[in-house]
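Each chain is listed here by its residues.
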Amino acid sequence: MNQRRPRRAAPRPPEGTPAPAELARMARTGLAGAVRVARWADSALGPGSDAATADGKATLSDATAARAAADLGLTTRQIRADWDTARLAGLVEVHGDSARPGWRLRAWDRDDSAVLRGWVALFDAWSLACPEPAGHEPAAVAEVVSAMPQVLSFLQLSAGPVPVEQLLDLLEQRVTELRTERCEVSYAPGVPAPLAAPDDGPADAPLAPLLDWAVRALASVGALTYGDGHATLTPLGNWAVWVKLEQICVAAQSPAGNIEQSAEDMLRGCAQLRPNAARAEYRAWLAARPVGGAVGQLIEAARGEDALLRGLAFEALRVVGAPAEPDVRAVVEEPALRPYALLWLAEHDGVDPEDAHEVLTREEATWLWVDTAAAVADHGETEMLVRHLEAAVQPTVPALLEEVRAVGHPRTVQVLVALAAAHPDPALAKAVRRAAFQVHTGG
């Protein structure tokens, strides 16, 4: 008898956590300056304007910063700080040599979840928000960044002000653990291992300045308050740490057990799941991987010959959301992925999913119909293939057959043969079979 493994309970939100609407209000307040400069850039640096960044790297030139400061009544230092915050929060997106408003800016006033995701993106980038102190080895800085999640978890459990000395003790313990985990040299019994490998820099380098930097950086993004030798998580910081803990629990309890599989195998494992169950599986699989690598694996799976995996891969990319946009946009010119990518981008831009198909040309819609039919023919039931006729944009079967023959999908013959074999109308089946023969022979 198979026994279901007990699932780990996700952590509960901390007591007293404000409602999402209140959290979103706090995030909007904290990011008001970044939103202001992003909206200014949208109008002043948008397509057709004569203003642009001088260095071609989508960073504000001195002239542009001065212009923004004059227009908004701020100092150039404030403008640059707000611009950096806007980029880290996804309010401004950099694409090659240009910057444009991110999707979060478009949804800022109407979508609380977009606001909170923007704030969490800033929270995740806390180490970029403030320059690190000079004179420290890069390895030591990286160790502190890696150790801070444990420090933040301790702050959340403490549910109040914590002396910095206590945080420093915890940080030193965690850094020692990280150094020990990296050390792969065997030592004789009784001989202690060094705290760091020789190329890691001085093992006894003081961590207090780096802790001070980390806490101030986290305070600058609104995750905590810092003063009088104590640090305290803000309501937003408290909630963000809980979100991270919840993601860890989700990753640890992959519903269908596909969390360790490759993207292709995971998608195959989700093929027979209901949509909600499949989305839960996608979330668990994604939570266990860096976003960039996971998106790359999904797109590579979509490039394969299995049309079902192509459709499922883009469903998983819908779960990813905004971080997948650059990669999805990059495959728009690939014929096999273009219809899927265009639909994804339309929905991402706020088009109702029921109306998203309107962004496709007739040829693209026909290609997608054939590709979807190939997935049904390979993995579905014959009745589903017959019902798939109703999804075609063409008003009649002869018109559909004519355009299907012209679209050049590599699976056209197999799809038409399968449809002819499945359709109960002998006359229609004969017409479809004749079309398959003509495609096959080049007629």
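Residues numbered from 1 in each chain as written. Predicted model: local features only at pLDDT ≥ 70, side-chain atom pairs only at ≥ 80, totals over all residues. Heavy atoms only, no water.

Draft legend 1. Looking closely at the overall build of the chain. When its secondary structure is counted, the chain shows 22 helices and five strands. Scored against the burial criterion, the 443 residues of the chain give a buried share of 42%. Sequence-distant contacts in the chain: of pairs separated by 6 or more residues, those separated by 24 or more amount to 64%. (Helix = DSSP H or I, 4+ residues; strand = E, 2+ residues; numbered from the N terminus. Buried < 20%, exposed > 50% of the residue type's maximum accessible area, 1.4 Å probe, protein only. Contact = heavy atoms within 4.5 Å.)

Draft legend 2. How the structure looks around the nonpolar core. Within the largest apolar cluster, 67 residues are counted, with the highest numbers of intra-cluster contacts made by Leu91, Trp119, Met148, Leu171 and Trp239. Top contributing element to this core by residue count: helix 8 (residues 138-158), with eight residues. Contact partners of methionine 148, with chain neighbours within four places excluded, come to Trp126, Leu171, Leu211, Ala214 and Leu218. (Core = buried A, V, L, I, M, F, W, Y, C linked by side-chain atoms within 4.5 Å.)

Draft legend 3. Inspection of the pairing of strand 4 (residues 224-227) at higher detail. Here strand 4 pairs with strand 5 (residues 230-233) via four bridges, running antiparallel. Across the sheet, residue leucine 224 finds its bridge partner in strand 5, namely leucine 233. In sequence, strand 4 turns back onto strand 5 through a hairpin of two residues, with aspartate 228 there showing a positive phi of about 55 degrees. (Pairing = 2+ DSSP bridges.)

Draft legend 4. Highlighting the packing of helix 1 (residues 20-30) against helix 6 (residues 112-124). Between helix 1 and helix 6, whose axes approach to 9 Å, the crossing angle comes to 55 degrees. The orientation of helix 1 relative to helix 6 falls into the category oblique. Between helix 1 and helix 6 lies a crossing whose hand is left-handed. In this structure, helix 1 uses Pro20, Ala21, Leu23, Ala24, Ala27 and Arg28 to contact helix 6, whose residues at the interface are Asp112, Val115, Leu116 and Trp119. Looking at the contact of helix 1 with helix 6 residue by residue, the classes come out as eight nonpolar, no polar and two charged. (Axes fitted to C-alpha atoms, helices over the stretch in contact; angles between N-to-C directions. Parallel < 35°, antiparallel > 145°, perpendicular 65-115°, else oblique. Left-handed = near helix turned anticlockwise from the far one by under 90°. Nonpolar A, V, L, I, M, F, W, Y, C, P; charged D, E, K, R; others polar.)

Draft legend 5. Region of the structure containing the side chain of arginine 104. When you line up the elements, arginine 104 lands in helix 5 (residues 103-106). With residues near it in sequence (within four places) discarded, arginine 104 still touches Ala89, Gly90, Leu91, Ala114, Arg117, Gly118 and Ala121.

Draft legend 6. Examining the sheet that holds strand 5 more closely. Here three strands make up an open sheet; going across it, the order is 3-5-4 and the pairing antiparallel. Across the chains shown, the open sheet's two edge strands, defined by having one partner strand only, are strand 3 (162-163) and strand 4. Packed on one face of the sheet, helix 8 meets strand 3, strand 4 and strand 5 and runs near 80 degrees to strand 5.

Draft legend 7. Looking closely at unusual backbone geometry. Positioned with a positive phi, alanine 159 is a non-glycine residue whose angle comes to about 55 degrees. Note on placement: alanine 159 falls in the loop between helix 8 and strand 3. Overall, alanine 159 belongs to the exposed group, its relative accessible area being 70%. Phi at aspartate 228 is positive, roughly 55 degrees, even though this residue is not glycine. Look at aspartate 228 and you get exposed, because its relative accessible area is 79%.

Draft legend 8. Fine view of the packing of aromatic side chains. The final tally for this structure, using the stated rule, is three aromatic pairs. Note on tryptophan 119 and phenylalanine 123: the rings are 5.6 Å apart at their centroids and 15 degrees apart in plane angle, and the pair reads as stacked. Of this pair, tryptophan 119 and phenylalanine 123 both sit in helix 6, separated by four residues, roughly a single helical turn. Take tryptophan 119 and phenylalanine 123: they sit in the same class, and that class is buried. An angle of 50 degrees between the planes, with centres 5.4 Å apart, marks the rings of tryptophan 126 and tryptophan 213 as tilted. Taken together, the residues span a long stretch of sequence, with tryptophan 126 in helix 7 (residues 126-129) and tryptophan 213 in helix 10 (residues 208-220) at a distance of 87 residues. Each member of the pair, tryptophan 126 as well as tryptophan 213, carries the same accessibility label: buried. (Phe/Tyr/Trp six-rings, centres within 6.5 Å; stacked < 30°, edge-to-face > 60°.)

Draft legend 9. The arrangement of the pattern of salt bridges in detail. Per the stated rule, a full pass over the model turns up 21 salt bridges. Across the pair arginine 28 and aspartate 112 runs a salt bridge whose closest N-O atoms are separated by 2.9 Å. Of this pair, arginine 28 sits in helix 1 while aspartate 112 sits in helix 6, placing them 84 residues apart in sequence. The exposure class of aspartate 112 is partly exposed, given its relative accessible area of 29%. In this structure, the salt-bridge partner of glutamate 325 is arginine 329, at a minimum N-O distance of 2.5 Å. Remark: arginine 329 and glutamate 325 occur in helix 16 (residues 325-330); sequence separation between them is four residues, near one turn of the helix. Look at glutamate 325 and you get buried, because its relative accessible area is 4%. Taken together, the shared-partner salt bridges connect Glu264, Arg268 and Asp306 into one network. (Salt bridge = Lys/Arg side-chain N within 4 Å of Asp/Glu carboxyl O.)

Draft legend 10. Focus on helix 20 (residues 397-407). Every buried residue of helix 20 is listed here: Ala399, Leu400, Leu401, Val404 and Val407. Two or three places before alanine 399, at the opening of helix 20, threonine 396 has a side-chain oxygen 3.2 Å from that residue's backbone nitrogen. Once helix 20 finishes, glycine 408 follows within two positions and takes phi at roughly 80 degrees, a positive value. (Polar contact = N/O pair within 3.5 Å; in protein donor to acceptor, adjacent residues only side chain to side chain.)

Draft legend 11. Representation of the packing of helix 3 (residues 62-72) against helix 4 (residues 76-88) within the structure. With their axes 8 Å apart at the nearest point, helix 3 and helix 4 run at an angle of 105 degrees to one another. With respect to helix 4, the axis of helix 3 lies roughly perpendicular. Two secondary-structure elements touch here, helix 3 through Asp62, Ala65, Ala66, Ala68, Ala69 and Leu72 and helix 4 through Thr76, Ile79 and Arg80. For the contact of helix 3 with helix 4, the class distribution of residues is six nonpolar, one polar and two charged.

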